[in-house]
Amino acid sequence: MLSERRLQVLRAIVQDYVGTEEPVGSKALTERHNLGVSPATVRNDMAALEEEGFIAQPHTSAGRIPTDKGYRLFVDKLAGVKPMSPPERRAIQNFLEGAVDLDDVVARTVRLLAQLTRQVAVVQYPSLTRSTVRHVELLSLAPARLMLVLITDTGRVEQRMVDCPAPFGEASLADLRARLNSRVAGRRFTDVPSLVEDLPEAFEADDRGTVSTVLSTLLETLVEENEERLMIGGTANLTRFGHDFPLTIRPVLEALEEQVVLLKLLGEAKDPGVTVRIGHENAHEGLNSTSVVSVGYGSGGEAVAKLGVVGPTRMDYPGTMGAVRAVARYVGQILAES
C-alpha cells in the first residue's frame, strides 16, 4: 500500500500532466502543490512510485508521466466525480428537452457529450430486450392489409405492414387491438410470446388466420429489434490529442468504426454505475492508448442502454465522469417523460 504522501504526489502528477501535457518533475511539483516536504523527498517518492509502476519516464532527463496503473489508482482512490455547475446542468436540460423523438434524443446526446468532454461520444440506443411495450396500434389500410405500430417505453416506434389471409373488419380489428393491449401493454418484450400464444382462440374461426399473422409480425418485430444500434460523434476531437497516441491515431479510428468493439467497450447495460476502462484494460488493441468512461441510462431507475466517451488516457477523469453521469441522468428523465 502507498503512504498517504505518495498518494498525494501521484495525484499531483496526474493533475499536472493532464493540465499541462508536459512530463512532471519534482521541482515543479513542490512549487505548484503544497506537499509540505522538500524536492528531495518528492524525488524519493517519485522513484518509489516509478519502481511500483505508477509513473514512468518517457525519455531520459524528462519528468515523469502516469502509467495506466497510475491512472487506475487515481480514478479508484483519488479522484472524486466533479459535479456540473447549475448553469451547465440547465444548459444540458434545455438542449435535451428540445428533442422531438428518440432519434433526436440520441443525436442530441451524442453532440452534447462530445462538446462537454471534447472527446468522442458514443450512445447506444435503448435495447428492446430490456424494454417494455407501451402500446400496439393496428390500422386498416385496405380490407386485407393492416399496419402494425409498436411503441416502447423508451420512445422507440416500429412500423410493419401486415398482409392478411382474408379481409378483416373494423369491429374485429378494434377487438384485436383492445385484447392485444390488455395483455402486452406495460409488459417486457421477453414476456410477450407467452402472453399472446392463445389469443387466436378468442376469435371466430374465420378471423384466426389474420390474428395469427398479426401476432407473427409482432413477434418478428420484437426479435428483429434486438440488434443493438449506436450513434457516435465528435471523432474530430481526437485530432486535438495527436501526440497522446504513440504512433498514429489510425488504430483508434479503425476501432471506433467497429460497432461490436464499441458495444463491448460500453459494457453491459445492466451495470448502471460509472465505469472507467483505462489503456490496456480495453481488450481491443487499437484502443490500448485510450480510456473509456461509460454509464447506464434509462427510465424508472433501470438502465436500458449505455452512453460514454472515448479519449486519450491523459483525460480529465473527474470532469468526464461528472459530465457522463449528468447527461445520462437527464436522458433517463426525458425517456421517462416521453
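Data block above holds the structure.
Throughout this description, residue numbers start from 1 for each chain and increase along the sequence as written. Totals for whole chains, interfaces and linings use all residues, but because this is a predicted model, local features are given only for residues with pLDDT of at least 70 and pairs of side-chain atoms are given and counted only at 80 or more. Hydrogens are left out, water is left out, and the side-chain values use all remaining heavy atoms of the structure.

Taken together, Arg89, Arg90, Arg325 and Arg329 make up a surface patch of like positive charges. The helix and strand labels rest on DSSP assignments: H or I over at least four residues marks a helix, E over at least two residues marks a strand, and numbering proceeds from the N terminus. Among the elements of the structure, helix H5 (86–97) and helix H12 (317–337) are those that each provide at least two residues to the positive patch. If you trace the backbone, Arg329 turns up in helix H12. Think of it in three bands: residues with accessible area under 20% of the maximum for their type are buried, residues over 50% are exposed, and the middle band is partly exposed, with areas taken using a 1.4 Å probe on protein chains only. Judged by its relative accessible area of 47%, Arg329 is partly exposed. Patch membership requires over 30% relative accessible area and the absence of a salt bridge. Like charges are linked within 9 Å, and nonpolar side chains (Val, Leu, Ile, Met, Phe, Trp, Tyr) within 5 Å. Only the protein chains shown count as cover for residues, and all accessible areas are computed by the Shrake-Rupley method using a 1.4 Å probe. Whenever a carboxyl oxygen of Asp or Glu lies within 4 Å of a side-chain nitrogen of Lys or Arg, that contact is scored as a salt bridge. This count recognises Lys and Arg as positive and Asp and Glu as negative, with His and chain-terminal groups excluded. Here the site of a charge means atom NZ of a Lys, CZ of an Arg, CG of an Asp or CD of a Glu.

To continue, consider the pairing of strand E6 (residues 157–163). Because side chains alternate across E6, one face comprises the buried residues Glu158, Arg160 and Val162, and the other comprises Val157, Gln159, Met161 and Asp163, none of which is buried. Hairpin connection of strand E5 (residues 145–152) to E6: 4 residues between the antiparallel strands, including Gly155 at a positive phi of 90°. A pair of strands is treated as paired once DSSP finds two or more bridges between them.

Turning next to a nonpolar patch on the surface. Together, Leu139, Leu141 and Met161 make up a nonpolar patch on the protein surface, roughly 260 Å² of accessible area in all. One can find Leu139 in strand E4 (residues 133–142).

Look at Glu21: it is not a glycine, yet its phi comes out positive at around 65°. Counting through the fold element by element, Glu21 comes out in the loop between helix H1 (4–20) and helix H2 (26–32). Judged by its relative accessible area of 38%, Glu21 falls in the partly exposed class. Even without being a glycine, Arg118 presents a positive backbone phi close to 55°.

In this section: the environment of Glu31. The topology assignment puts Glu31 in helix H2. Through-space distance from the C-alpha of Glu31 to that of Lys77 is 24 Å; in sequence the pair is 46 residues apart.

With respect to the helices and strands, the residue Ser26 is situated in helix H2. Looking at Ser26, the relative accessible area reads 11%, which means it is buried. Any two residues whose heavy atoms approach within 4.5 Å are treated as being in contact. Leaving out residues up to four positions away in the same chain, Ser26 has contacts with Pro39, Val42, Arg43 and Met46.

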